[in-house]
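Observations on the three-dimensional arrangement
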Amino acid sequence: MSSEKQPERITPRAEDYSRWYLDVIRQASLAEPAEVVKGCMVIKPHGYAIWEKIQRALDDMFKATGHQNAYFPLLIPESFLKKEAEHVEGFSPELAVVTHAGGKELEERYVIRPTSETIIGHFFAKWIESWRDLPLLINQWANVMRWEMRTRMFLRTGEFLWQEGHTAHATHDEAREEVIRMLHVYGDFAETFMAMPVVRGIKTQSEKFAGALESFCIEAMMQDGKALQAGTSHDLGQNFGKAFDVKFQNKEGQQDFVWQTSWGVSTRLIGALIMSHSDDNGLVLPPKLAPVHVVVVPIYGKGADEALVREHGEAIAKELRGVGLTVVFDTRDYKPGFKYFEWEQKGVPLRIEIGPKDIEKNAIAYKDRLAEKKDFRSRDGLGPWASAFMDDFQKRLFERAKQRLADNTIEVDDWETFKKVFEGQESKFVMAHWDGTAETEARIKEELKVTVRCIPLDAKPEEGKCVLTGKPSKRRVLFSKSY
RNA sequence: CGGGGCAUAGCUCAGUCUGGUAGAGCACCUGCUUUGGGAGCAGGGGGCCGUGAGUUCGAAUCCCACUGCCCCGACCA
């Protein structure tokens, strides 16, 4: 390839979107390819810190909705996977299997969990006897492995981190309520914390989770117009209950199978974050998930009193920490300009510079990560100001993303226009009529690599004709290319 | 799994065609000088040239095999 003088340069989005994505990850020190382990990645401290923020916020939301955390084994007896026909069919191509342990071949092979419905089903069967044991609301934070042909950091890797909620209920209605409740937890999380607007919807039968009756999802639009499934929530019906004999005695004294749900989000959310907000200068993070809110950079001018600058820097950092912000006072021995670039690439929302001139004027210089130039303001009232800045920053990110989603969501009624929208690498969110058949979905996917991302929950009934076949349709569905 | 590319310093790569003591830039370390948008000078450390087997007096270089990684397609959170 070209022998770039600056290998640390970030490829502009317009030049090569997927290179840009990888460059941002590298420059922000979020992760790197595991290199010695196929298809896997190392999540570096700055990337993991974002995941920890995501975990904390979501975990609080799960607890608030009555769930408890537990942990199940990484290894699952191979026979378990086979108990639910559709489930095994969906996952078998991507399973990693343990065949040997302790120096000899295993009697029964284990698969490394691709998801835990089966082993959790096994234990639910032991734990549940009566309607009094229900609902059982469990969540697990774990790693899973799916052997993927092609990987992209955070979006699709062999091993990834996630949470998987697993619940059991006495009635289908109750399970259904849970599925919808968690879908909205995800939707709220995406919009409130990630500043990422999402479309809440139902998957088509061909896109749903293997083994579920129905899958719900939140779909987000990335900057290139493609959709990213950011979270899913499944109505498992009694499929796993029957496969694992998860029965309970109901109030009428009869045996019945439980109704189950499962729902999850993964480290893919970090990919979603990157592709929602970041720019050609690097990462941009919403304050609610940013590991560092403010970086304070000291400037030691000619003949300046270093100790004095340092003292002021410390005082500013302390003041900002006092209002709950995470602050780095960067006293490393680098030129200020070097630090500016580095922290910008890492997505810190606000930079404050403190030097002799500022001290003299009782001022600070600051740089908004979203602004072109830096600005100045008084030293007074820094805490409240910075705190309000973060709220505003979070809001600006959300508004910007919402605007982009609105601008790039269109209704299309004829096939020629539909094709034009998806020419080349182009993509938008297209609301169009669909005749509801898997055949039509397949044809569109084949020809344009476009799929039905979901049937939006808020889709209003509307008579129309399928954009491809002209057959009757009762509402529009969301079409897009996707990650 | 198909097609393509690559493998030499921490990183990006030159050197391979035409065999002869291992190279550059960046990064790193030390010192001095600097500090408001990626500093400068001087000195320094760092290599099983992916692995294995050949050819040869001699292999990063030639031959064979293997492995790994990246990119593009078919599958997927």
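Residues numbered from 1 in each chain as written. Chains lettered and ligands numbered in written order. Predicted model: local features only at pLDDT ≥ 70, side-chain atom pairs only at ≥ 80, totals over all residues. Heavy atoms only, no water.

Some details on the overall build of chain A
- Each helix and strand counted, chain A has 14 helices and 25 strands in total.
- Rg of the C-alpha trace for chain A: 25 Å, near the compact-globule value of 23 Å for 483 residues, within the 12% margin.
- Taking the principal axes of its C-alpha atoms as reference, chain A extends roughly 85 × 60 × 50 Å.
- Within chain A, the proportion of its 483 residues that are buried is 53%.
- Counting only contacts in chain A whose residues sit at least 6 apart along the sequence, the fraction spanning at least 24 positions is 69%.
- Here chain A displays about 22800 Å² of accessible surface, and carbon together with sulfur accounts for 50% of that area.
- With 68 positive and 74 negative side-chain charges, chain A shows a spacing of 3 Å between the two charge centroids. (Helix = DSSP H or I, 4+ residues; strand = E, 2+ residues; numbered from the N terminus. Rg over C-alpha atoms; globule rule 2.2 N^0.38 Å. Buried < 20%, exposed > 50% of the residue type's maximum accessible area, 1.4 Å probe, protein only. Contact = heavy atoms within 4.5 Å. Areas by Shrake-Rupley, 256 points an atom, 1.4 Å probe, with all protein chains shown as cover. Lys, Arg positive; Asp, Glu negative; His and termini not counted. Charge placed at Lys NZ, Arg CZ, Asp CG, Glu CD.)

Some words on unusual backbone geometry
- Here Leu134 and Pro135 are connected by a cis peptide whose omega angle stands at -5°.
- The phi dihedral of Ser29 falls on the positive side, at around 55°, and the residue is not glycine.
- Mapped onto the fold, Ser29 is located in the loop between α1 (17–27) and β1 (31–33).
- A positive phi is found at Asp245, a non-glycine position, where the angle reads about 55°.
- Tracing the chain through its elements places Asp245 in the loop between α7 (239–243) and β12 (247–249).

Some points on the protein's contact with RNA strand B
- Around RNA strand B, 42 residues are found, and the nearest of them are Arg150, Arg156, Gln229, Arg268 and Asp358.
- Per the 4 Å cut-off to the protein, sugar and phosphate atoms form 46% of the nearby atoms of RNA strand B.
- When residues of the surface near RNA strand B are traced back to their parent elements, those giving at least two are α10 (336–345), β17 (350–354), α11 (356–361) and β18 (363–368).
- Examining the composition of the surface near RNA strand B, we find that seven residues originate from one element, α10, more than from any other. (Near = heavy atom within 4 Å.)

Points about the domain arrangement of chain A
- The assigned domain composition of chain A is domain 1 (17–277), domain 2 (292–388) and domain 3 (409–480).
- The straight-line distance from the C-alpha centre of domain 2 to that of domain 3 is 50 Å. (Domains from an automatic or database assignment.)

Brief notes about the sheet that holds β18
- One open sheet holds the five strands; their spatial order is β16-β15-β17-β18-β19, and the pairing between them is mixed. Each having just a single partner strand, β16 (327–329) and β19 (375–378) make up the two edges of the open sheet. Across the sheet, the mean angle from the axis of one strand to that of its neighbour is 25°, orientation sign disregarded.
- Relative to β19, β18 is paired through four bridges, and the arrangement is antiparallel. Pairing of Tyr366 across the sheet is with Asp375, part of β19.
- Against the sheet, α10 makes contact with β15 (294–298), β16, β17 and β18, and its axis sits at roughly 170° relative to β15, the strand it touches most. (Pairing = 2+ DSSP bridges. Axes fitted to C-alpha atoms, helices over the stretch in contact; angles between N-to-C directions.)

Notes on the nonpolar core
- Residues Ile54, Phe154, Met194, Met196, Met222 and Ile274 are the most contacted members of the largest nonpolar core, which totals 50 residues.
- The set of elements that each furnish at least two residues to this core consists of α1, α2 (45–64), α6 (172–192), β9 (198–202), β10 (214–221), β11 (227–237), β14 (259–266) and α8 (268–277).
- With seven residues, α6 is the largest single contributor of residues to this core.
- The residues touching Met222, leaving out its near neighbours within four places in the chain, are Tyr17, Met196, Leu228, Ala272, Met275, Ser276, Arg404 and Tyr483. (Core = buried A, V, L, I, M, F, W, Y, C linked by side-chain atoms within 4.5 Å.)

Quick notes on the environment of Gln163
- Residue position: Gln163 is located in strand β8 (residues 159–169).
- Separated by 34 residues in the primary sequence, Gln163 and Pro197 place their C-alpha atoms 21 Å from one another.
- In this view, Gln163 contacts Phe62, Asn139, Gln140, Trp141, Tyr186, Trp263, Gly264 and Val265; residues no more than four positions away in its chain are not counted.
- One polar contact links Gln163 to Asn139, side chain to side chain, over a distance of 2.8 Å.
- A distance of 2.8 Å separates a polar side-chain atom of Gln163 from the backbone nitrogen of Val265. (Polar contact = N/O pair within 3.5 Å; in protein donor to acceptor, adjacent residues only side chain to side chain.)

Comments concerning the side chain of His67
- Structurally, His67 can be placed in the loop between α2 and β3 (68–69).
- For His67, a relative accessible area of 3% gives the class buried.
- Polar contacts involving the side chain of His67 include one to the side chain of Thr65, which spans 3.1 Å.
- Discounting chain neighbours no more than four positions away, the residues touching His67 are Phe62, Leu137, Thr167, Glu178, Met182 and Trp263.

Points about the packing of aromatic side chains
- Scanning the entire structure with this criterion turns up 21 aromatic pairs.
- Relative to Trp263, the ring of Phe62 has its centre 5.1 Å away and its plane inclined at 55°; by these criteria the two rings are tilted. With Phe62 in helix α2 and Trp263 in strand β14, this pair connects stretches of sequence that are 201 residues apart.
- Here Phe389 and Phe393 contribute two aromatic rings whose centre-to-centre distance is 5.8 Å and whose plane-to-plane angle is 35°, an arrangement assigned as tilted. With Phe389 and Phe393 both in helix α12 (residues 382–407), this residue pair falls four residues apart, about one helical turn. Accessibility classification places Phe389 together with Phe393 in one group, the buried group.
- Cluster of aromatic residues (ring-pair linked, three or more members): Trp51, Phe62, Trp141, Tyr186 and Trp263.
- Its guanidinium or amino end placed over the ring of Tyr483, Lys226 lies 5.0 Å from that ring's centre, counting from NZ or CZ. (Phe/Tyr/Trp six-rings, centres within 6.5 Å; stacked < 30°, edge-to-face > 60°. Lys NZ or Arg CZ within 6 Å of the ring centre and 35° of its normal.)

Points about the sheet that holds strand β4 (residues 75–77)
- Pairing within the open sheet is antiparallel, and its three strands lie in the order β4-β6-β5. Looking at strand neighbours, the two that pair on one side only are β4 and β5 (97–101), the edges of this open sheet. This sheet shows a mean twist of 50° between the axes of neighbouring strands, independent of strand direction.
- As defined by bridge partners, β5 adjoins strand β6 (residues 104–112) across four bridges and the pair is classed as antiparallel. Bridged to His100 within β6 is Glu105.

A few points about the pairing of β17
- Burial analysis of β17 places five of its five residues in the buried class, the great majority of the element.
- Of the two faces of β17, the one carrying Leu350, Ile352 and Ile354 and the one carrying Arg351 and Glu353 are both buried.
- Pairing analysis gives five bridges linking β15 to β17, with the strands arranged parallel. The residue of β17 that forms the bridge with Val297 is Glu353.
- Summarising the sheet, β17 and β18 pair through four bridges and their orientation is antiparallel. Note that in β18 the partner of Arg351 across the bridge is Lys367.

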